[in-house]
Amino acid sequence: MEVRIQSIHFDASEKLEAFIQKKAEKLEKFCDNIKKVEVSLKVVKPETAMNKEAGVHVLALNAEFYAEKVSDTFEESIDVCMEALSKQLLKAKEKMQGK
């Protein structure tokens, strides 16, 4: 599985990139045919506290999934996105098994 991280208007730290990589790899528990995970990070409204936006796009063999969240930290935004994506992937897996 390929994980691509794009940080817009700032440089993501190695620690943040490692955090994202680890979270992305956990998605494979819910879907074994994930080909790529694309993560975009950007600071929106720098003057406010809740300004760290993460968007996560998952490309699987036969479907695409997306989640986006704005939080106080990128880690929190990533956590919420990954939780939403795990639910989406699980639901899609259950639907496929029910066919």
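So, here's what we can say about the structure. As the structure is a prediction and not an experimental result, all values here were calculated from the model.

### Describing the pairing of strand β1 (residues 2-8)
The pairing of β1 with strand β2 (residues 34-43) spans 7 bridges and is classified as parallel. What sits directly across from V3, in β2, is V37. Considered for its hand, the β-α-β crossover made up of β1, helix α1 (residues 14-26) and β2 is left-handed.

### Describing the environment of T48
Here T48 is to be found in the loop between β2 and β3 (52-60). For the pair T48 and E14, spaced 34 residues apart in sequence, the C-alpha to C-alpha distance is 25 Å.

### Things to note about the nonpolar core
One finds V37, L41, V56, V58, I78 and L85 to be the most contacted residues of the largest nonpolar core, which totals 23 residues. Put simply, the parts of the chain that give this core at least two residues each are α1, β2, β3, β4 (64-71) and α2 (74-98). When residues of this core are assigned to their parent elements, the largest contribution, 6 residues, is made by α2. In contact with I78, other than residues within four places in its own chain, are F19, I20, K23, V39, L41, A54 and V56.

### Some points on the packing of aromatic side chains
Inspection of the entire model under this criterion finds 1 aromatic pair. Between the aromatic rings of F10 and F74, the centroid separation amounts to 5.0 Å while the plane-to-plane angle is 10 degrees, which identifies the pairing as stacked. Here the residue F10 occupies a position in the loop between β1 and α1, and F74 occupies one in helix α2, the gap between them amounting to 64 residues.

### Focus on the pairing of β2
Put simply, side chains in a regular strand alternate between the two faces of the sheet. In terms of strand pairing, β2 meets β3 through 9 bridges, oriented antiparallel. Along β3, the bridge assignment pairs V39 with V56.

### Focus: α1
Counting along an α-helix, one turn takes 3.6 residues, and residues three or four places apart therefore face a common direction. With 13 residues, α1 should reach 18 Å at 1.5 Å per residue; the first-to-last C-alpha distance of 19 Å fits that figure. Taken as a whole, α1 has its buried residues at L16, I20 and A24. Down the axis, α1 shows its buried residues gathered within 70 degrees of arc, on one side only. In this structure, α1 carries E14, K15 and K22 as exposed residues pointing more than 90 degrees from its buried face. Looking at the packing, one finds that the buried side of α1 touches β1, β2 and α2.

### Some words on the packing of α1 against α2
For the pair α1 and α2, the least separation of the axes is 11 Å and the interaxial angle reads 10 degrees. Our classification of the angle between α1 and α2 gives roughly parallel. On α2, the residues that touch L16, F19, I20, K23 and A24 of α1 are F74, E75, I78, D79 and M82. In terms of residue class, the contact of α1 with α2 is made up of 7 nonpolar, no polar and 3 charged.

Rules of the game
- Residues numbered from 1 in each chain as written.
- Predicted model: local features only at pLDDT ≥ 70, side-chain atom pairs only at ≥ 80, totals over all residues.
- Heavy atoms only, no water.
- Pairing = 2+ DSSP bridges.
- Helix = DSSP H or I, 4+ residues; strand = E, 2+ residues; numbered from the N terminus.
- Right-handed = clockwise from strand over helix to strand, strands pointing away.
- Core = buried A, V, L, I, M, F, W, Y, C linked by side-chain atoms within 4.5 Å.
- Buried < 20%, exposed > 50% of the residue type's maximum accessible area, 1.4 Å probe, protein only.
- Contact = heavy atoms within 4.5 Å.
- Phe/Tyr/Trp six-rings, centres within 6.5 Å; stacked < 30°, edge-to-face > 60°.
- Expected span 1.5 Å × (residues − 1).
- Arc of directions from axis to C-beta.
- Axes fitted to C-alpha atoms, helices over the stretch in contact; angles between N-to-C directions.
- Parallel < 35°, antiparallel > 145°, perpendicular 65-115°, else oblique.
- Nonpolar A, V, L, I, M, F, W, Y, C, P; charged D, E, K, R; others polar.

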